[in-house]
Structures are given as structure tokens and as C-alpha cells.
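Summary of the model geometry
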Amino acid sequence: MQTRSSMSPRGLPRANLRPSLVAWAALCLAAAAAVAKAGDYGQKVTKDGVTLAFRAVPLQDAGVRALQAGAEARIEFRLEDAATGKPLRGLTLAGWMDQVKPGAEGLVCKDRIQSYLQGVMAYRPDISLNAWYILTLNDSPNLTVIDPLGGYGGQNTLAMPGLPARAEDAVISADRKQVLISTPGANRVTVLDTATWKVAGSLAAGSAPRQLVWQPDRPVLWVANDTEDKSGGVTVLDPAAGKVLARYATGPGTHRIAFDDRARYAAVTGSGDGTVSLIDLHRQREIKRLPAGQSPVDVAYSRLASAFFVIDSGNGGVYALDPSKTSIRRVAELEPGLRMLRITAEGRWGFILNYKQSQGYVLDASSQTIRHRFDTPALPYQIIFSQTMAFIRGGGSERFTAIPLDRLDQNGELPQTSIAGGSAPPAQSPDLQSQAAMAVTPEGNSVLVSNASDRSVYFFSEGMNAPQGNFAVKGAAPRGVVVLDRSLQEAAPGEYAGIVTPPAAGTYQVAVLVPKPRTWHCFEVAVSANPAPEAPPPKPRLEFVMHTRQIQLGDTIPVRVKATDGVTGRALTGIRDLELLSFQPPGLAQHRTLLAEAANGMYEAQLRPSTPGNYLLMLRAPSLKVDFSALPPWSLKVLPGTK
């Protein structure tokens, strides 16, 4: 990264999230407080016209009262006007938690905060309450986790967790403890733990899971299953319980999902049969399937118009669906080749991209008419919004476009800023069109742009005509980018909270910086040693018993697996669900089969690869609670030969 001064720690603006999702996140923080038996704030100070109160509460069992090393705790600040006692709302706080180290005992609070802001190595905090991370969805079956605010000495990469197949889409849980990733090549949604950056498990998600969308009012995940047969549609998951709640077969083709602002209806497009399905969330059933041209490819909801809008790639039609009347009508005729539709937060403006024509359109949802037409970068495929701008990315150009949102209500040509997002078009790398090629940073006024051709993620601030720097993605090509915000959030009026895990026992200084009115303070909290937890029982052991990693195409290779008890080492018999998955990264030539029991804890299956190349063999056994990601894969090379 070349320049960091513009990346000051800030909180995620509420304008970038659905209001219902913000409320859901606040409920998660409130629930955590209830678990911790929140009482009065233990420390309080008044200065610069602000009353600052602080407390830290453990999130362990009810009997635990003190913070413990290695255990989660909730850090809380309450801010009030010193004169009126009214809560100070809508602030963006910066905070740090640092163990008092030898030689730094006398460091005054102001100097301590200044050292954090300047990134002084000697006083780098143990925990930043402003942390945010970049996750790249790569061309290989893995993710790259980047710390944009750290990275001293150029070492930005924190982790590179492996996946069972290449990632297509990713969403973050409201408590920010998990990232859920669709991996179509494995027919799974993979769960990543953000505390360890390790895969924590996976969920069966139907065939070819791609787009992931949270239901606005509850922690329920909707998964689009993009198949070419009648089984295509949507799978609804409860990630916490690890179970499927519902399946809706809405037809073949690609699917996109949208919800209304009251979480009463879902609309799901089906490109294969030219329809959009309207689903009643309360009754949990599809209530009507409506025609929407030849190939409807995207849908979005406008709360201003109280309608879903659907775009059809086949004939260029734009349709308005009234969920209360279960009726649909065509409101605009554009050119064939439409690709993506996104509507601004207030529901007024809809941006539509035409992939084939390299054109963009602005829909006025209030009048249901096309207000603007404009040129886009070649092969446009993604739109995102910051607080003030719309950003448009194309696969055929290294440049992307920024359009000011405050000019949409004016007549005439829309002003555009063209910005370099790398040195080569992303379309030079194959199959790049992830839904997450760009992302807005937590500051709300900057954007990250992935470029697989350059193997980099570029950082751009509004008001600048060139990127301020880039993050190199080592060993992979980033197809997409997702931002995980771990900064302080306003959980209630004037109350700001975050979750931390103190790394060691000792005395910690918790520093907070308030931007307006500008003030700061350092509170103190003690962290005790954590009693050693009981070691979990060893898992059953599965291991490949094979004598080669290379065969000729056309040959059949016996796959043998030995199963033993993790404690006694005795052979495990009677396993009926031991499954073998073989595939070519990132998920091609996939084949699954059950292994049959032979003798003395040995299980066998015959494998005959259909194409040459490098294969990975993976195992799972649900009855043993062993998933594909729990064991290292076996690599097998298939040389060209006679079938």
C-alpha cells in the first residue's frame, strides 16, 4: 500500500446498510449485553462538554465476572452531553485496547492515541477497535485475508484459508464472527471463523449455490441455486442450527433474490423460463409466478415505489412488480443485454447495466421512467454505491467510472470520472464476473477494486482521479473483494460497543477518541488469566492408504481409507456415510461416491477420472462429525492417455 493517511479509522456509515440489517446487528449486540448481565457503567469522566462512561463485560458463563485472557468480552462506551444529559448519537469513535508494557507506564493518554494514529511500531496496540479487513475471492479455491491498516513492512496478508471449491459470493453475519461463502463446485456454503480465519464448517446448500442474501428481519440465509433443470431455485438456511428451512423450485437458469422493506415478500428471478417468483415470507410459500420477458436476470426493491423492479436480458424490458397486488407490468424498453440492477438506499434511483452494449441507464423509481442514459466501461457487470457516488466496473477495461448521486435529479449529461483500476482489463483473466468485484470501505467515501489480471486490490478515495495505492494478493488472482468491519458500532442511542478478545492477562488501557466534540480519554481494565480449558476429545482419524499420486487417463485407481479411534487407535467399523469427493480445482470434473467397508477399519472405492489434470481427493463422514474441510486432501495427477 503506497499511501495510508486517508485511511483513518472510522465506523461503517448506516447509509450503506439496509435499515433492517442495522437493526438486526444492534439486536445482536443488545443480546450479547443481556448475556453479560449489563449493569451500571463502572468508569465515568466529564471533559470538553462530554460525559464519557466505560465498561467491559465478559461474554462467558454467567458466573464469570472478570475479563479473561483468550475469552471474548464486550467493550462499551456511553456518550452524553454534559449539560443536558442527552445521548450523543451518530458518532464515529476510534478506540484501542493495549496492555500496559514496561517503559510505557507513564505515557499520557493523548500521546498514546497520537502514537496509534501515526502507526508508531513501539506503541502498536494489542487490539484495534477500528479494525477492518479485506477478503478477496480468488481464482483458486481459497480466500486471502488482508489487514489494510497494519501491514508493517509490506506484510498485509493475515491468512489464506483453503476452500472446498472456488468462492463465488460471500456475506458476513450480523455479529461479524463468521463469513459465509458460496462454493458452487462443492455444492456447499462454507463458514469461515473471523477470530481464527479458519474454516469452521460448511452447510449443504443445494446444487450450484451462488448468490447469498440475508433475510432482512432474521439471521436466515437465502441461497440461489443456478441449475439448468427444474431443480433450480432457492435454498433457505438457518446457519446457526446448520439446517435447511425451505426449498423453492423456481425454475432453471440463474436466479437473483430481493426482499421488500418490511420483510413480507421475496422476489426470485428465473432466467431459464422467463419468470419471477413472488414468495410470501410469513406463509413460507410461493404465491405467484409472473412472466418477466425472455430472460429476467436481476431484481431489486424500491421502498419509495413499494415495488420490485426486474430487468430482462433477452428483450431489454424493465418490469415493475407490485407485491400487494401480485401484478407485474412493463415500464421501460431498453436494448437486449441487460446485466445488473441496483437501487439507491432511499429507493429513488435504479442503475441498470447493459453488458453487451456497454451502456448504463438510470431509472427514476418514483415516475417509473428512464431518466438518464450514459456510456460505461466496456462489458459492465457491477454497480456499488458509497454515500455520494455510484461506481461502475467493466470487464473489458482497466478503468472504472464514478458518477455523483446528487446530479441524478438534474437534466443533461451525467458527469463521470474515469479512474484506473489496474494496468490491464480484468477480462484478460478468465471467468471473473464475481458479484463482488468492488466494495466500499468502512469510511464510506472510498472504494476497493479487485483486478485479477494484476493480482491486486486497488484503493480509491472520492475526489481523487487515481488510486491511492494497492494491496498485492500473493499467490492468487482476486476475482472479488469483501470488507469485514470490526469497528465500534452504535448499539443504542449514545451507546457504542465492540467485541474483543484480550490476548494475555494483565492491565490494559482502553483509549477512545471522540471526533465531535473532539475529546479523548484512557480507561483502565484488568484481564485475568484464563483457566486451562478441558482438552476436547480427539476426533476419529481418517487417512488415505494409497501407494501412488499419479495414474494414466483411463486407469481405475482403488481409493483406500483407514478409520481409527482418535484415543485408542482401534479400527472403526460400521461407518455407512464415509464419502469421497474428487475434483479438479477450482471444482471441475467433480465426482462423489460412498466408500464401502472392507475389513479391519478399511474402506474402499474405485475411482476412474474422466479427464487428465490435477485432482484433489477429500473425505467426510457426517456421523463422525468430520467434514471435507477437516482433513488435508490427497493430490492425484492424471496423465494424458487412452481412455
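Each chain carries its own residue numbering, running from 1 in the written order of its sequence. Side-chain atom pairs in this predicted model are given and counted only at pLDDT of 80 or more, local residue features only at pLDDT of at least 70, and totals for whole chains, interfaces and linings cover all residues. Only hydrogens and water are set aside when side-chain values are computed; all heavy atoms of the structure are taken into account.

**Comments concerning the overall build of the chain**
Numbering of helices and strands runs from the N terminus, with a helix taken as a DSSP run of H or I at least four residues long and a strand as a DSSP run of E at least two residues long. A count of helical and extended segments in the chain gives 2 helices and 51 strands. Should any heavy atoms of two residues lie within 4.5 Å, those residues are counted as being in contact. Taking as baseline every contact in the chain between residues at least 6 positions apart, the subset at least 24 positions apart corresponds to 53%. Working note: accessible area of the chain is about 27400 Å², and carbon and sulfur atoms make up 49% of it. Method for areas: the Shrake-Rupley scheme with a 1.4 Å probe, in which residue coverage is limited to the protein chains shown.

**Some thoughts on the pattern of salt bridges**
For salt bridges, the criterion is a side-chain nitrogen of Lys or Arg within 4 Å of an Asp or Glu carboxyl oxygen. Within this structure, the stated rule accounts for 23 salt bridges. Note that Asp 273 and Arg 289 form a salt bridge whose closest N and O atoms lie 3.9 Å from each other. Pair noted here: Asp 273 is in the loop between strand S19 (265-270) and strand S20 (275-280) and Arg 289 is in strand S21 (residues 285-291), with a separation of 16 residues, a long-range link. For Asp 273, a relative accessible area of 32% translates into the label partly exposed. For every residue, the accessible area obtained with a 1.4 Å probe (protein chains only) is divided by the maximum for its type, and the residue is called buried under 20%, exposed over 50%, and partly exposed between those limits. A residue is classified by how much of its surface remains accessible, and Arg 289, at 35% relative accessible area, is partly exposed. Note that Arg 373 is salt-bridged to Glu 335, the shortest N-O span being 3.4 Å. Within this pair, whereas Arg 373 is found in strand S29 (residues 369-375), its partner Glu 335 is found in the loop between strand S25 (327-333) and strand S26 (338-343), the two being separated by 38 residues in sequence. Here Glu 335 falls in the partly exposed class, since its relative accessible area comes to 31%. Taken together, the shared-partner salt bridges in this structure form one network comprising Glu 168, Arg 210, Asp 226 and Arg 479.

**Some thoughts on the sheet that holds strand S49 (residues 602-607)**
In this description, strands pair whenever DSSP reports at least two bridges between them. Taken in spatial order, the 4 strands make up an open sheet running S43-S45-S49-S48, and their pairing is antiparallel. Lying at the two open borders of the sheet, with one neighbouring strand each, are strand S43 (541-544) and strand S48 (596-597). Strand direction decides the pairing type here: S48 and S49, joined by 2 bridges, are antiparallel. Bridge assignment links Glu 597 to a residue of S49, and that residue is Tyr 603.

**Observations regarding the side chain of Glu 579**
Along the chain, the position of Glu 579 falls in strand S46 (residues 579-584). Given a relative accessible area of 11%, Glu 579 falls into the buried group. In this structure the side chain of Glu 579 is engaged in a polar contact, spanning 3.5 Å, whose partner is the side chain of Arg 592. Counting of polar contacts relies on pairs of N or O atoms within 3.5 Å, with two restrictions inside protein: one atom must be capable of donating a hydrogen and the other of accepting it, and residues adjacent in sequence are counted only when both atoms are side-chain atoms. A distance of 2.7 Å separates polar atoms of two side chains, one belonging to Glu 579 and the other to Arg 620. With sequence-adjacent residues up to four places away left out, Glu 579 is seen in contact with Arg 592, Thr 593, Leu 594, Leu 595, Met 618, Leu 619, Arg 620 and Phe 628.

**Considerations on the confidence of the model for the chain**
When pLDDT is averaged along the chain, the result is 85, and 87% of the positions lie at 70 or above. Values of pLDDT, the confidence the predictor places in each residue, fall between 0 and 100. A low-confidence stretch, residues 1-24 stays under pLDDT 50, and its non-local contacts, those more than four residues away or across chains, total 67 contacts. Scored below 50 in pLDDT, residues 26-39 shows 17 contacts in the model against residues more than four places distant or in partner chains.

**Some words on the environment of Lys 47**
Structurally, the position occupied by Lys 47 is in strand S1 (residues 43-47). Using a relative accessible area of 26% as the deciding quantity, one classes Lys 47 as partly exposed. Along the backbone, Lys 47 and Thr 519 are 472 residues apart, and their C-alpha atoms lie at a distance of 7.4 Å. If we skip the residues at most four places from it in the chain, Lys 47 touches Thr 519, Trp 520 and His 521.

**Re the environment of Glu 524**
By secondary structure assignment, the location of Glu 524 is in strand S42 (residues 518-528). Distance from Glu 524 to Val 100, taken between C-alpha atoms, is 9.5 Å for residues 424 residues apart in sequence. Glu 524 has contacts with Gln 43, Phe 54, Thr 507, Tyr 508 and Gln 509, leaving out every residue within four places of it along the chain.

**Considerations on the state of the cysteines**
Covalent bonding between the sulfur atoms of two cysteines is what defines a disulfide. When two cysteine sulfur atoms lie within 2.5 Å, the pair is treated as a disulfide. Using the criterion set out here, one finds 1 disulfide in the structure. Here Cys 109 is linked by a disulfide to Cys 522, with a sulfur-sulfur distance of 2.2 Å. Torsion about the S-S bond of the Cys 109 and Cys 522 cystine: about 85°, corresponding to right-handed handedness. In this pair, Cys 109 sits in helix H2 (residues 109-118) while Cys 522 sits in strand S42, placing the two residues 413 residues apart along the sequence. The same class applies to Cys 109 and to Cys 522, which are both buried.

**Some thoughts on the packing of aromatic side chains**
What counts as a ring pair is set by centres within 6.5 Å for rings of Phe, Tyr and Trp (its six-membered ring), and what kind of pair is set by the plane angle: stacked under 30 degrees, edge-to-face over 60, tilted for all other angles. In total, this model carries 13 aromatic pairs according to the counting rule given. Summarising the aromatic geometry, the rings of Phe 77 and Phe 523 are spaced 6.3 Å apart at their centres and angled 45° between planes, so their arrangement reads as tilted. A residue pair is termed long-range when its members are at least 10 positions apart, and Phe 77 in strand S4 (residues 73-81) and Phe 523 in strand S42 qualify at 446 residues. Judged by its relative accessible area of 0%, Phe 77 is buried.

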